[in-house]
Amino acid sequence: MPSIRYANRTFSCDAGDNLRKVLLRSKAPVYNGIARIVNCRGNGICGMCTVRLRGSVSWPSTYETALLRLIPGADTLGLRLACLCTVHGDVAVEKFGGTWGTDCGNQRHFGRKATSGDLPNQQH
């Protein structure tokens with residue numbers, strides 16, 4: 001039974017479970033700000049359930065990769081869409097701030113302080 005580590009909490013799920021559903025079931029925040037109300041409810045079209053993962057999950061599909069390219073900074077941070085990830089084994093989950101979860105500010109990244117290399121590219 002895989003374990004999910006998220007914000008100093010650990011909970012378990014079955015292998016093959018959808019990561020977004022596991023997080024919501026465990027009352028872990030998947031969305032930030034207005035995204036809590038305005039999201040696609042796990043249909044894989046809004047891009048607001050972005051998380052950074054370390055562990056055993058499904059590979060990103062071509063569709064997920066293309067959608068993440070539309071979110072400024074998602075590729076730089078190595079983000080995934082929780083609604084399109086299937087849990088295969090133990091996973092550490094990290095959620096950043098901002099509507100699309102790309103605002104990492106002064107947050108810590110897997111136990112280390114953020115560096116400029118962790119910050120998303122700003123496109124104006």
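Residues numbered from 1 in each chain as written. Predicted model: local features only at pLDDT ≥ 70, side-chain atom pairs only at ≥ 80, totals over all residues. Heavy atoms only, no water.

Caption draft 1: Up close: the confidence of the model for the protein chain. Per-residue confidence for the protein chain averages 87 on the pLDDT scale, and 85% of its residues sit at or above 70. Scored below 50 in pLDDT, residues 116-124 makes 20 contacts in the model with residues more than four places away or belonging to other chains. (pLDDT = per-residue confidence, 0-100. Contact = heavy atoms within 4.5 Å.)

Caption draft 2: Representation of the pattern of salt bridges within the structure. Using the criterion set out here, one finds three salt bridges in the structure. Note that Glu64 and Arg80 form a salt bridge whose closest N and O atoms lie 2.8 Å from each other. Of this pair, Glu64 sits in helix α2 (residues 62-69) while Arg80 is found in strand β4 (residues 79-81), placing the two residues 16 residues apart along the sequence. Accessibility expressed as a relative area gives 0% for Glu64, which makes it buried. Classification of Arg80 as buried rests on a relative accessible area of 11%. (Salt bridge = Lys/Arg side-chain N within 4 Å of Asp/Glu carboxyl O. Helix = DSSP H or I, 4+ residues; strand = E, 2+ residues; numbered from the N terminus. Buried < 20%, exposed > 50% of the residue type's maximum accessible area, 1.4 Å probe, protein only.)

Caption draft 3: Focus on the state of the cysteines. One pass over the structure, following the stated rule, counts zero disulfides. Residue Cys49 stays outside any disulfide, its sulfur separated by 3.6 Å from that of Cys83, the closest cysteine. Assessed through its relative accessible area of 2%, Cys49 is described here as buried. (Disulfide = S-S within 2.5 Å.)

Caption draft 4: The arrangement of the sheet that holds strand β3 (residues 50-57) in detail. Taken together, the five strands give an open sheet; going across it, the order is β2-β1-β5-β3-β4, and neighbouring strands pair in mixed fashion. If you trace the sheet from one side to the other, it starts and ends with β2 (9-12) and β4, each paired once. Along the sheet, successive strands turn relative to each other by an average axial angle of 40 degrees, direction set aside. Relative to β2, strand β1 (residues 3-6) runs antiparallel, the two sharing four bridges. Among the inter-strand pairings, Ser3 is bridged to a residue of β2, identified as Ser12. (Pairing = 2+ DSSP bridges. Axes fitted to C-alpha atoms, helices over the stretch in contact; angles between N-to-C directions.)

Caption draft 5: Fine view of unusual backbone geometry. With phi around 45 degrees, Ala7 is a residue other than glycine that occupies positive phi space. By the secondary structure assignment, Ala7 is in the loop between β1 and β2.

Caption draft 6: Focus on the nonpolar core. Formed by 33 residues in total, the largest nonpolar core has its most connected members in Ile4, Leu19, Leu23, Leu53 and Val93. Among the elements of the structure, β1, α1 (19-25), β3, α2, α3 (74-77), β4 and β5 (87-94) are those that each provide at least two residues to this core. When sequence neighbours within four positions are dropped, the list of residues in contact with Leu19 reads Ile4, Val51, Leu53, Ala82, Cys85, Val87 and Val93. (Core = buried A, V, L, I, M, F, W, Y, C linked by side-chain atoms within 4.5 Å.)

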